[in-house]
Amino acid sequence: MAKKVVATLRTESKKMTKVIKMTKSPKSGAYVFEEKIVNADNIDAFLKQK
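Keep in mind that what you see is a predicted model, and the values were worked out from it rather than measured. (Residues numbered from 1 in each chain as written. Predicted model: local features only at pLDDT ≥ 70, side-chain atom pairs only at ≥ 80, totals over all residues. Heavy atoms only, no water.)

> Quick rundown of the environment of Lys14? Include the residues and the values.
With respect to the secondary-structure elements, Lys14 resides in the loop between strand S1 (3-10) and strand S2 (15-24). Taking the relative accessible area as the measure of exposure, Lys14 reaches 48% and is therefore partly exposed. Between the C-alpha atom of Lys14 and that of Ala40, which follows or precedes it by 26 residues, the distance is 8.1 Å. (Helix = DSSP H or I, 4+ residues; strand = E, 2+ residues; numbered from the N terminus. Buried < 20%, exposed > 50% of the residue type's maximum accessible area, 1.4 Å probe, protein only.)

Below is the structure:
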């Protein structure tokens with residue numbers, strides 16, 4: 001499974017990061033990309049969840 005942090009966005013008080021996670025779909029076998037903007041401290045938790 002590949003994972004890549006794409007961009008870092010800075011707001012007033014929090015450092016936010018746009019994360020794209022690539023996972024394999026159990027139904028079709030094709031790869032699905034999930035994008036989300038998360039707090040920089042929570043990147044590892046987002047990438048570990050299924």
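> Hey, could you go over the pairing of strand S3 (residues 31-39) for me, with residue numbers and the actual values?
Taken together, the nine bridges between S2 and S3 define a ladder with antiparallel strand orientation. Bridge pairing in S3 links Thr17 to Val38. Two successive antiparallel strands, S2 and S3, enclose a turn made up of six residues, where Gly29 displays a positive phi of approximately 85°. (Pairing = 2+ DSSP bridges.)

> How would you sum up the side chain of Ser25? Please name residues and give values.
Structurally, the position occupied by Ser25 is in the loop between S2 and S3. Aside from chain neighbours lying at most four places away, what touches Ser25 is Ala30 and Val32. (Contact = heavy atoms within 4.5 Å.)

> A description of the nonpolar core should follow, citing residues and the corresponding values.
In terms of nonpolar packing, the biggest core is built from five residues, these being Val19, Val38, Ile43, Phe46 and Leu47. The leading source of residues in this core is helix H1 (residues 43-48), at three residues. Leaving out residues up to four positions away in the same chain, Val38 has contacts with Lys15, Met16, Thr17, Val19, Ile43 and Phe46. (Core = buried A, V, L, I, M, F, W, Y, C linked by side-chain atoms within 4.5 Å.)

> Which residues make up the environment of Lys24, and what values go with them?
Structurally, Lys24 can be placed in strand S2. The contact partners of Lys24, leaving out residues within four places of it in the chain, are Gly29, Ala30 and Tyr31.

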